[in-house]
Amino acid sequence: MSGITPIKDFAGFSLNTQMTDQQFEKLPKKKEYNDPLMKWPVRGMAFTNDIGAAIMDIAPKAGMMFWVPALMYFGADIYDKYRNDKDSYDPSAKRGMKQAAFQAFASILFPIAAVHLGQKTASIAGKMGKTGLSLQTREEIIEHHAEYMSNYKLRHQAPDVYKKQYAEALDNYIDETMRQRQTKNPFKIVMNAIFGGKHRDNLSSANQRPKIHEFITERIDKMFETRQQLIDGKKPTGISEKMFEKFQTLKAEYKKTPAHAHDYTEKAAKDIVKAIEKNKIFKIKFAKTIGGFVALGALIQPIDKFVEHVIIEKFVDPSLKHFDGEQIKQFKQRNLKT
């Protein structure tokens, strides 16, 4: 036997009638609200800034540009939550602040920390290679040597003398770097560990410094070997045809330039050696970037859930309770006058 269900205030008006349970079940149900700004791929705009953070090392300008769509998304989402209660217009400062907190943690702080974690993990994993050095250490040492090399005319340097002089400069660089990284401030230590682009790597440790010298000595030997082969007109082993063609082009250009006409081959060879070092640095940075992307992809959804169910529900919501009631009414009166 069917029961009788009184219907009141359905679809926005009162019905002074009754219908059976079967008839009630057939009534159209109000669809559950799905926030379009929280659906993928639109939600993905919130993480373009994190992509920017991941590629900052290899493409700084592009990394900065990736913040633009993210900031547009943050503004649209926060304003939408402030202005609307789902699909109903009902401005609420509390909702706006809550969503701002969500975006700050779920789209900026934690994802960027995840990117840096992935980059640091990839860097440390580099120690398993034959050099025994992290990617970060290799990058720093190659950059230092490239800068040092730029200040010398290699044709005036015997390889053994050059290596001895650079070894002294390298030791000074290591000592200075370690002095700059020393800090006893616990806040700085924590912030650098989470959000810093570099992990703590003791370049001056007893087993690290010899590995660094061995690593760069091998690169210097290869540098002089490559330079000599280029000067002799031979294609060095390990460089691409494209790079060798670039050497030929540079040589022809410098030959036409009065300032370099007397040493155009030497100048072109040095430029190619520097380009090889820059390519090596780029490959190292690219490997760290991949690590950042892997960590971001693996952690992005857990971050969303953690922020929503822990940060927001347990910390943000309770702290926003004082925005209820009379205070929110006063806020509306002050800011929503037509």
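Thresholds applied
- Residues numbered from 1 in each chain as written.
- Predicted model: local features only at pLDDT ≥ 70, side-chain atom pairs only at ≥ 80, totals over all residues.
- Heavy atoms only, no water.
- Helix = DSSP H or I, 4+ residues; strand = E, 2+ residues; numbered from the N terminus.
- Buried < 20%, exposed > 50% of the residue type's maximum accessible area, 1.4 Å probe, protein only.
- Lys, Arg positive; Asp, Glu negative; His and termini not counted.
- Salt bridge = Lys/Arg side-chain N within 4 Å of Asp/Glu carboxyl O.
- Polar contact = N/O pair within 3.5 Å; in protein donor to acceptor, adjacent residues only side chain to side chain.
- Contact = heavy atoms within 4.5 Å.
- Phe/Tyr/Trp six-rings, centres within 6.5 Å; stacked < 30°, edge-to-face > 60°.

S.K.: What should I look at first to understand the side chain of Arg138 in this one?
M.R.: Here Arg138 shows up in helix α6 (residues 135-150). Of the buried charged residues, Arg138 lacks a salt bridge, with Asp201 as the closest side chain of opposite charge at 9.0 Å. From its side chain, Arg138 meets the backbone oxygen of Leu133 in a polar contact 3.1 Å long. Apart from residues lying up to four places away in sequence, Arg138 is in contact with Gly126, Thr131, Leu133, Phe215 and Ile284.

S.K.: Honestly, the environment of Gln157 in this entry has me stumped. Any pointers?
M.R.: Note that Gln157 resides in the loop between α6 and α7 (159-181). When its relative accessible area of 16% is taken as the criterion, Gln157 is described as buried. Considered as a pair, Gln157 and Phe224 are 67 residues apart in the sequence and their alpha carbons are 9.9 Å apart. Ignoring sequence-local partners within four residues, the contact set of Gln157 consists of Tyr152, Tyr162, Gln165 and Phe224.

S.K.: Mind showing me how you'd approach the packing of aromatic side chains here?
M.R.: To describe a pair of aromatic rings, you give the distance between the ring centres and the angle between the ring planes. One pass over the full model with this rule turns up 11 aromatic pairs. Between Phe105 and Phe110, the aromatic rings sit 5.7 Å apart at their centres with planes inclined by 50°, giving tilted as the arrangement. The partly exposed category is assigned to Phe105, whose relative accessible area is 26%. Residue class for Phe110 comes out partly exposed when judged on its relative accessible area of 27%. Three or more aromatic residues joined by ring pairs make a cluster, and in this case those are Tyr148, Tyr152, Tyr162, Tyr166 and Phe224.

S.K.: In this structure, what is going on with unusual backbone geometry? I would like to understand it.
M.R.: Note: most residues except glycine have negative phi, and most peptide bonds are trans. For Lys86, which is not glycine, the phi torsion reads 60° and is therefore positive. Inspection of the secondary structure puts Lys86 in the loop between β3 (84-85) and β4 (88-89). You can call Lys86 exposed: its relative accessible area is 55%.

S.K.: Where do I start with the side chain of Glu266 in this structure?
M.R.: Mapped onto the elements, Glu266 comes out in helix α11 (residues 264-319). Residue classification places Glu266 among the buried residues on the basis of a relative accessible area of 13%. Contacts of Glu266, omitting those with residues within four sequence positions, involve Leu154, Arg155, Arg227 and Ile231.

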